[in-house]
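What the coordinates show
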Amino acid sequence: MAEILLKVESLTKRFGGLRAVNDVSFCMQQKEVLGLIGPNGAGKTTLLRLLTGILKPDSGSVIFKGTELVGLKTWNIVNRGVACTFQNMRPFRRLPIIANVMVYCLSPRSMHRGEWVKKVEDKAMDALEFAGISDMALEKASVLSQGDLKRLEIARAVATDPELLLLDEPFGGLSPAETDLMAKSIHRLHKGGRFGRLHSEGPAMIIVEHKLQQLMKIVDRIIVLNFGTILAEGTPEEVVKNPQVIEAYLGKEGD
Amino acid sequence: MDLAILYVKKFYKIIRGEVLVLPSRISVGLFFLVLIGLPLITRDPYIIRIIILTSIFAILAASWDLLSGFTGQMNFGHALFFGVGAYASALLNVHAHIPPWGSVPLGALAAVMAGLIVGIPCLRLKHTYLALTTLAFPIILLGIIFALPDWTGGELGISGLTRFTSSLLGNYYLHIITMLVLCTIMWKITDSNTGLIFHAIREDELAVKTAGINTTRYKLLAFCLSGFFAGIAGGLYAHYMRIAGPSTLEVSMSFTVVIWAIFGGAATIYGPVAAVFILFPLLEFVRFWPEYRTLIFAFIVLFTLLYMPEGLIPWVRDKIEKECPRCKIRNVSTRKTCRICTAGLD
Ligand SMILES: Nc1ncnc2c1ncn2[C@@H]1O[C@H](COP(=O)(O)OP(=O)(O)O)[C@@H](O)[C@H]1O
Ligand SMILES: [Mg+2]
């Protein structure tokens, strides 16, 4: 259990003069669920993008299961077991929803993991079933609502069977009822097990989220980011009591 | 004998169940039958010649669609593959005396190389930049060809190629069957998992990368596949016309291919093929009116696209067929209920 899964060391990313991510270091254990919070523009999305290789850091290193990820291509990183979702969902709008997920079942990793499932369609269908949108499998992705698009992102993530899952605002724009459902899905995914013909070990997760109440129930530990640097780190209870955090972030919500 | 009848019955059942249920499938079946049966009606060398050329350009238009329609890599220099296929097979045929059966496939391999050479610098480019860069490649090759007239014949091109066969019908069947087979293969590719990835790359390349798929490799694959089929078209053209000339590389050739494909309906394969079979013969038959030819062409294309932004064939298909709202199976538009799930169609 105490094995180190991810080790981020003094990661820095500049956009012009702006240090969007500034000297960030942290570690994650296997199966751990980490919450990443911070005000808008704190650099949360940028940090996730650095981890998946969508952006290249200016300096620093990311060690995942003993391998340096900095410098690797996104598709390569994903095949090593890191999956991510997008804050502003990115569906293939003109393709049916099932095809949206099938693409995620076609990576070398996914093909290798579910070798015994003959048909890609079946695998994709099970992922949709898990996310709860299998009834719309044949519709075009352009008809999906905000909430269902978030579910599609989850279905895609499940399809790649990751060991580390990066969720960027999974509750963003969802109604309270939808938020509850999504929180349950995430919890179920983290526990792992069999979902139809799919199988999940229960990935470690980094969850970026604004809705703290929901987040606190899911995560083991929270990192607070502000202006690209880590402001505080600790269990959810510790973090909400931290005066710096209250000032920088929570205070605004209390107004 | 009984066995034969059994098989015929089985075959008929399949045809009735799978083909005769949809007007679009009937049209494709008729298209195959008419092309194969045409020599029974006419053997006019002029008509045969036009259909052979149409078939060659149909392969070319479909190959553009495979690359640009599906992966969204806008290629405005598709003549490059056509020209490389034509010149390479001409050089092999005239200078190395390789017969057409060898020179056309080898010419296509040369076009695959061209696909790699163009594809690699184009991988980083998108949209307008990609379009402009691809436009430049055939022009560069033209420059090289004019600079080496001893090898390439300069303005005159390389002439004196041998044909596959001297028989009229032999040539006819060779070209239409090659066209039907290659276009079916291209359609099958787009219908496969690889085709799905091509399609997804057009929609959102970053999302495909986060699926763990090496999009670079798939984009290069699209360039190479497209180059291969276009190269075969080029080789067939050179051998049929018995000359490979600079016209195969002209900018107007590249643009005509794009217009054909978009007119017929991009990202369908059958759309561009149908478009060539409509537009190419049409323009040949108004040849006696040379000064208006281009104008007619431009107007037809313009009006079609104004009223049918998806292209002609998808528009027609939507008129004669509709999708079941429940199971997404296509039905003849005259039906009231779905032929599979019996849901109401309106
Ligand atoms: N591609 C980019 N180019 C320039 N600046 C960017 C880019 N992406 C993000 N930024 C800037 O970096 C900062 C952090 O952004 P982001 O990581 O999206 O914040 P968060 O997700 O925490 O709201 C913001 O000030 C944003 O304007
Ligand atoms: Mg963000």
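In this text, all values refer to a predicted model and were calculated from it rather than measured experimentally.

A separate point is helix α9 (residues 193-203) of chain B. Burial within α9(B) is extensive, with eight of its eleven residues counted as buried. Those residues of α9(B) not exposed but buried are B:Gly195, B:Leu196, B:Ile197, B:Phe198, B:His199, B:Ala200, B:Ile201 and B:Glu203. For α9(B), the secondary structure elements touched by its buried residues are α3 (97-105) of chain A together with α3 (45-71), α8 (168-191), α10 (205-209) and α11 (215-241) of chain B.

What follows deals with the coordination of the magnesium ion (ligand 2). Every protein donor of the magnesium ion (ligand 2) is accounted for by A:Thr45 (OG1) and A:Gln87 (OE1), and the metal-donor separations fall at 2.0 to 2.2 Å. With A:Thr45 in helix α1 (residues 44-51) and A:Gln87 in the loop between β6 (82-84) and α3, the pair connects residues that are 42 residues apart, well separated along the chain.

Our next topic: the packing of aromatic side chains. Residue and element names in this part refer to chain B. Taken as a whole, this structure holds 16 aromatic pairs over all chains when the rule is applied. Centroid distance Phe 82 to Tyr 237: 5.3 Å. Interplanar angle 50 degrees. Geometry classified as tilted. Remark: Tyr 237 occurs in helix α11 and Phe 82 occurs in helix α4 (residues 79-94); sequence separation between them is 155 residues. With a relative accessible area of 0%, Phe 82 lands in the buried category. An angle of 80 degrees between the planes, with centres 5.4 Å apart, marks the rings of Phe 228 and Phe 229 as edge-to-face. Judged by its relative accessible area of 3%, Phe 229 falls in the buried class. Ring pairs connect the aromatic residues Phe 57, Phe 82, Tyr 237, Trp 260 and Phe 280, which therefore count as one cluster. The ring centre of Tyr 240 lies 4.4 Å from the NZ or CZ of Arg 163, which sits over that ring.

The subject of this paragraph is the sheet that holds strand β5 (residues 67-68) of chain A. Backbone-to-backbone hydrogen bonds join strands into a sheet, with any given pair of strands oriented parallel or antiparallel. Residues and elements named next belong to chain A. Spatial strand order, β2-β1-β4-β5: four strands in an open sheet with antiparallel pairing. Because the sheet does not close on itself, it has two edges, and the strands there are β2 (18-29) and β5. Across five bridges, strand β1 (residues 4-15) lies against strand β4 (residues 59-64) in antiparallel orientation. Considered in β4, the bridge of Glu 9 is made with Ser 61. Against the sheet, α1 engages β1, β2 and β4, with an angle of about 120 degrees to β1.

We now examine the pattern of salt bridges. Between side chains of opposite charge, pairing is possible as soon as their charged atoms come close. All names here are of chain B. One pass over the structure, following the stated rule, counts 15 salt bridges over all chains. Between Lys 126 and Glu 205 there is a salt bridge, with the nearest N and O atoms lying 3.8 Å from each other. In this pair, Lys 126 sits in the loop between α5 (100-122) and α6 (127-147) while Glu 205 sits in helix α10, placing the two residues 79 residues apart along the sequence. Since its relative accessible area comes to 44%, Lys 126 is described here as partly exposed. With a relative accessible area of 12%, Glu 205 lands in the buried category. What you see here is one network of salt bridges that share partners, running through Arg 317, Asp 318, Glu 321 and Arg 330.

Residue and element names in this part refer to chain A. In the neighbourhood of ligand 1, the contacting residues comprise Phe 15, Leu 18, Ala 20, Pro 39, Asn 40, Gly 41, Ala 42, Gly 43, Lys 44, Thr 45 and Thr 46. Within the backbone of Gly 43, one N or O atom sits 3.0 Å away from an oxygen atom of ligand 1. Measuring from an oxygen atom of ligand 1, one finds a side-chain N or O atom of Thr 45 at 2.7 Å. Here ligand 1 loses 59% of its free accessible area of 550 Å² to cover by the protein chains. At the level of elements, β2 and α1 are the ones that each hand at least two residues to the shell around ligand 1. By residue number, the principal contributor to the shell around ligand 1 is α1, which donates three residues.

Calculation notes
All residue numbers refer to positions counted from 1 along the written sequence of the respective chain. Whichever chain is written first becomes A and whichever ligand is written first becomes 1, with later ones labelled in order. Confidence filtering applies because this is a predicted model: local features only for residues at pLDDT of at least 70, side-chain atom pairs given and counted only at 80 or more, and all residues used for totals across whole chains, interfaces and linings. Here the side-chain values reflect all heavy atoms present in the structure, with hydrogen atoms and water set aside. Partly exposed residues are those whose accessible area sits between 20% and 50% of the maximum for their type, while under 20% is buried and over 50% is exposed, using a 1.4 Å probe and protein chains only. A run of DSSP states H or I qualifies as a helix once it reaches four residues; a run of E qualifies as a strand once it reaches two. Both are numbered from the N-terminal end. By definition, residues are in contact when any of their heavy atoms lie within 4.5 Å. For Na, K and Ca the donor cut-off is 3.2 Å, while for other metals it is 2.8 Å, and in both cases only N, O and S atoms qualify; water is not among them, so sites may look incomplete. Classification of ring pairs uses Phe, Tyr and Trp, with its six-membered ring standing for Trp, and accepts pairs whose centres are within 6.5 Å; under 30 degrees between planes counts as stacked, over 60 as edge-to-face, and the remaining range as tilted. Geometrically, a lysine NZ or arginine CZ counts as sitting over a ring once it is within 6 Å of the ring centre and also within 35 degrees of the ring normal. For two strands to count as paired, DSSP must find a minimum of two bridges between them. Between N-to-C directions, angles cover 0 to 180 degrees, with each direction set by a line fitted to C-alpha atoms, over the stretch in contact for helices. By convention in these notes, a salt bridge is any Lys or Arg side-chain nitrogen within 4 Å of a carboxyl oxygen on Asp or Glu. In this text, near means that some heavy atom of the residue lies within 4 Å of the molecule or strand in question. Pairs of N or O atoms are called polar contacts if they sit within 3.5 Å, as long as, within protein, a hydrogen donor faces a hydrogen acceptor (for residues adjacent in sequence, only side-chain-to-side-chain pairs). The accessible surface values rely on the Shrake-Rupley method and a 1.4 Å probe; as for residues, cover is taken only from the protein chains in view.

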